[in-house]
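Spelled out, the chains give:
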Amino acid sequence: MAYLNDNFLKLQAGYLFPEIGRRVAAFAAANPDKAPNIIRCGIGDVTEPLPMASIEAMHKAVDDQAKAETFHGYGPEQGYAWLREAIAKVSYQERGVQVSADEIYVSDGAKCDTGNILDIFGHNNVIAVPDPVYPVYVDTNVMNGNTGDAREDGSYEGLVYLPCTPENGFVPDVPTQHVDIAYLCFPNNPTGAVANYDQLKKWVDYALANDTILLYDGAYEAFVTDGSTPTSIFAIPGARKCAIEFRSFSKQGGFTGVRCGYIVIPAELTAKDAKGNNVPVSKLWSRRHTTKFNGASYIVQRGAEALFSPEGQAQTRALIDHYLTNAKLLSEACREAGLNVWGGANAPYVWVQTPNGMGSWEFFDKMLEEALVVITPGAGFGAHGEGFFRISAFNSRANVEEVCRRIKALLA
């Protein structure tokens, strides 16, 4: 008899975004006359074309595959050296941050990496997650057997939850207890919050004092434009001894449908084995990566490399500016409608308090049925997300302007 991994049976219903899709599909099927006018601002998927520098590089890479002398089969699992060197130089070294190419592991996206990283950690760690939080962090820990059963509010026994509230600006405070692993995400998904230097330094200081490893999701770092907010955890002294950083080209270059990301594991970072010996974390991740992954495709990596060219950098900036302007418009519209708003600056997400104490899913239904706009209910991101909703700025300008009009009309 084959036995299942019973940890999957602990998961609450379906993953958040498929559940949103199911509800929207059901409404559209029941209201075929309204379906064409639905505007989706729920899932954080991009809408604009890829930067032309990447398109041209991938076209050339396709042509490379047509000739024996330039054909590429299996590439290095860690990623081609030319891409890792471009990442290290442009994303880190030119910003005064110490990261070398051999500390970078190219993958097919940060979502996979934030889940797969658990493969190399034991089941006896005390793990902390912000609340609200990107659901993948919690769900993959459930799948991996790192939690107990679900509670009535959707949280899980065995995890340490770090409340993110209006009072702390949705930046979690360091724990009052010891934790072994802590997730951080800035700019934050879902709240759009960013952490300043002093806030991140408190986290690094805590991690160094408690032998804690910080899993730092920087997938949205390209949206930080104010010049004073750190774009990498490694900008904080000491972080190389206590942090892992995840990044993605999904939002930086619009690669959600192309798939490419990377993880940075410094050489100094260690964790203890069962005998108490310090072992380099990169050694285990390299073994896991080369065993379970054959590398991102040559064509995709050429497209990613092109984002670091002068032309690619300019085109990427224009793409980011488009979405940030969308976020500004959505934030202003919600404020004009009398709602309390966070995020929307240095981040592509707008985090909004529901009106009149409405529940998150209740307001989701109201927006869908009366405004024909899809948002993301805050409760889907954790217990402390109840009473809030997220609007994604990833859309066309015309759609965003129409959503702004509909929000103001709905709440007039």
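Draft legend 1. Geometry of the overall build of the chain. Within the chain one finds 12 helices and 15 strands. For the chain, whose C-alpha radius of gyration is 21 Å, the value lies close to the compact-globule estimate of 22 Å for 412 residues. The principal-axis extent of the C-alpha atoms belonging to the chain is close to 60 × 55 × 55 Å. Counting over 412 residues, the chain shows a buried share of 53%. Nonlocal contacts in the chain, meaning residues at least 24 apart in sequence, comprise 73% of its contacts between residues at least 6 apart. Just so you have it, the chain exposes about 17600 Å², and 51% of that area is on carbon and sulfur atoms. Side-chain charges in the chain split into 35 positive and 47 negative, and the spacing between the mean points of these groups amounts to 2 Å.

Draft legend 2. Just the layout of surface pockets, in detail. Approximately 610 Å³ is the volume attributed to the largest pocket. Around the largest pocket sit 23 residues that line it, and Asp 211, Ile 213, Thr 270, Ala 271 and Lys 272 are the ones nearest its centre. Looking at the lining of the largest pocket, the elements that each hand over two or more residues are helix 6 (197-210), strand 9 (270-272), strand 10 (278-280) and helix 8 (281-292). For the lining of the largest pocket, the leading source of residues is strand 9, giving 3 residues.

Draft legend 3. View of the nonpolar core. Leu 214, Ile 233, Phe 234, Phe 249 and Ile 391 are the most contacted members of the largest nonpolar core, which totals 87 residues. Setting aside anything within four residues of it in sequence, one finds Phe 249 in contact with Ile 87, Gly 254, Phe 255, Cys 260, Gly 261, Tyr 262, Ala 304, Leu 307 and Phe 308. In this structure, Ile 127, Tyr 134, Tyr 156 and Ile 263 belong to the second largest nonpolar core, which totals 28 residues.

Draft legend 4. Representation of the side chain of Ser 282 in the model. Tracing the backbone through its elements, the reader meets Ser 282 in helix 8. What makes Ser 282 buried here is its relative accessible area of 14%. Those residues in contact with Ser 282 that sit more than four places away from it in its chain are Tyr 105 and Ile 265.

Draft legend 5. How the structure looks around the packing of helix 11 (residues 360-371) against helix 12 (residues 397-410). Put simply, helix 11 and helix 12 touch, their axes get as near as 11 Å, and they point 105 degrees apart. With respect to helix 12, the axis of helix 11 lies roughly perpendicular. Facing helix 11, whose interface residues are Lys 366, Met 367, Glu 370 and Ala 371, helix 12 presents Arg 406, Ile 407 and Leu 410. Residue classes in the contact of helix 11 with helix 12 are distributed as 4 nonpolar, no polar and 3 charged.

Draft legend 6. Representation of the side chain of Thr 376 in the model. Note that Thr 376 resides in strand 14 (residues 376-377). Discounting chain neighbours no more than four positions away, the residues touching Thr 376 are Leu 16, Phe 17, Ile 20, Gly 42, Ile 43, Phe 381, Phe 389 and Arg 390.

Draft legend 7. Expanded view of the sheet that holds strand 3 (residues 127-131). Pairing in this open sheet of 7 strands is mixed, and the strands run 2-8-7-6-5-3-4 from one edge to the other. In this open sheet, the two edge strands, each paired with only one partner strand, are strand 2 (104-107) and strand 4 (159-163). Each neighbouring strand pair of the sheet contributes to a mean axis angle of 20 degrees, computed without reference to strand direction. Two strands pair when backbone bridges link them, and strand 3 and strand 4 are joined in this way by 5 bridges, in the parallel orientation. For Val 129, the partnering residue across the bridge sits in strand 4 and is Tyr 161. Of the strands in this sheet, strand 3, strand 4, strand 5 (181-185) and strand 6 (213-217) touch helix 5 (residues 135-143), which is tilted by about 155 degrees from strand 5. Sitting on the sheet, helix 6 is in contact with strand 4, strand 5 and strand 6, with an inclination near 150 degrees to strand 6.

Draft legend 8. Structural view of the pairing of strand 2. In strand 2, alternate side chains face the same way, and those of Ile 104 and Val 106 on one face and Tyr 105 and Ser 107 on the other are all buried. Relative to strand 8 (residues 261-264), strand 2 is paired through 4 bridges, and the arrangement is antiparallel. When the bridges of strand 8 are listed, Val 106 appears paired with Tyr 262.

Draft legend 9. Fine view of the sheet that holds strand 14. Strand order across the open sheet formed by 4 strands is 11-12-15-14, with antiparallel pairing between neighbours. Where the open sheet ends on each side, the last strands, each with one partner, are strand 11 (341-343) and strand 14.

Draft legend 10. Focus on the packing of aromatic side chains. Applying the stated criterion to the full structure yields 23 aromatic pairs. Aromatic side chains Tyr 80 and Trp 82 sit 4.8 Å apart centroid to centroid with 10 degrees between the ring planes, which places their arrangement in the stacked category. Ring centres of Tyr 323 and Phe 394 lie 4.8 Å apart, and the angle between their planes is 70 degrees; on these two criteria the pair is classed as edge-to-face. Residue Tyr 323 is located in helix 10 (residues 310-336), and its partner Phe 394 is located in the loop between strand 15 (388-392) and helix 12; the two are separated by 71 residues in the primary sequence. Residue Tyr 323 is classed as buried on the basis of its relative accessible area, which comes to 0%. A residue is classified by how much of its surface remains accessible, and Phe 394, at 1% relative accessible area, is buried. Taken together through their ring pairs, the aromatic side chains of Phe 170, Trp 342, Trp 351, Phe 381 and Phe 388 make up a single cluster. In this arrangement the basic side chain of Arg 302 is found over the ring face of Trp 82, its NZ or CZ atom lying 3.7 Å from the centre.

Scoring rules and cut-offs
- Positions within a chain are numbered from 1, following the residues in the order the chain's sequence is written.
- Two thresholds apply to this predicted model, a pLDDT of at least 70 for residue-level local features and 80 or more for giving and counting side-chain atom pairs, whereas whole-chain, interface and lining totals are computed over all residues.
- No hydrogens and no water enter the side-chain calculation; it runs on all heavy atoms of the structure.
- Segments assigned H or I by DSSP are reported as helices when at least four residues long, segments assigned E as strands when at least two residues long, and all are numbered from the N terminus.
- For the radius of gyration, the atoms used are the C-alpha atoms, and the globule rule reads 2.2 Å times the number of residues raised to 0.38.
- The buried label goes to any residue with under 20% of its type's maximum accessible area, the exposed label to any with over 50%, and the partly exposed label to all in between, with areas taken from a 1.4 Å probe on protein chains only.
- By definition in these notes, contact holds between two residues if any of their heavy atoms fall within 4.5 Å.
- Here the open area of atoms and residues is found with the Shrake-Rupley method and a 1.4 Å probe, where only the protein chains shown may cover a residue.
- A residue counts as positive if it is Lys or Arg and as negative if it is Asp or Glu; His and the chain ends are not included.
- Note on charges: their place is set at NZ of Lys, CZ of Arg, CG of Asp or CD of Glu.
- Cavities and pockets are defined on a 1 Å grid built over the protein atoms alone: a cavity is a set of grid points where a 1.4 Å probe fits but cannot escape, while a pocket is an open set with protein on both sides within 12 Å along at least five of seven lines, and lining residues are those with an atom within 4 Å of any such point.
- Grid points are joined across faces, edges and corners, and a volume is the space filled by probe spheres set on the points.
- Buried Ala, Val, Leu, Ile, Met, Phe, Trp, Tyr and Cys residues form a nonpolar core when they are joined through side-chain atoms within 4.5 Å.
- Throughout, an axis means a line fitted to C-alpha atoms (over the contacting stretch in the case of helices), and angles, computed between N-to-C directions, take values from 0 to 180 degrees.
- For classification, angles of less than 35 degrees are called roughly parallel, those exceeding 145 degrees roughly antiparallel, those between 65 and 115 degrees roughly perpendicular, and all remaining angles oblique.
- Following the grouping adopted for this structure description, the nonpolar residues are Ala, Val, Leu, Ile, Met, Phe, Trp, Tyr, Cys and Pro, the charged ones are Asp, Glu, Lys and Arg, and the polar ones are all others, Gly among them.
- Here, a strand pair is defined by DSSP locating no fewer than two bridges between the strands.
- Ring pairs shown here join Phe, Tyr and Trp side chains whose ring centres sit within 6.5 Å, with only the six-membered ring taken for Trp; geometry is labelled stacked below 30 degrees between planes, edge-to-face above 60, and tilted in between.
- Whether a charge sits over a ring comes down to the Lys NZ or Arg CZ being within 6 Å of the ring centre and within 35 degrees of the ring normal.

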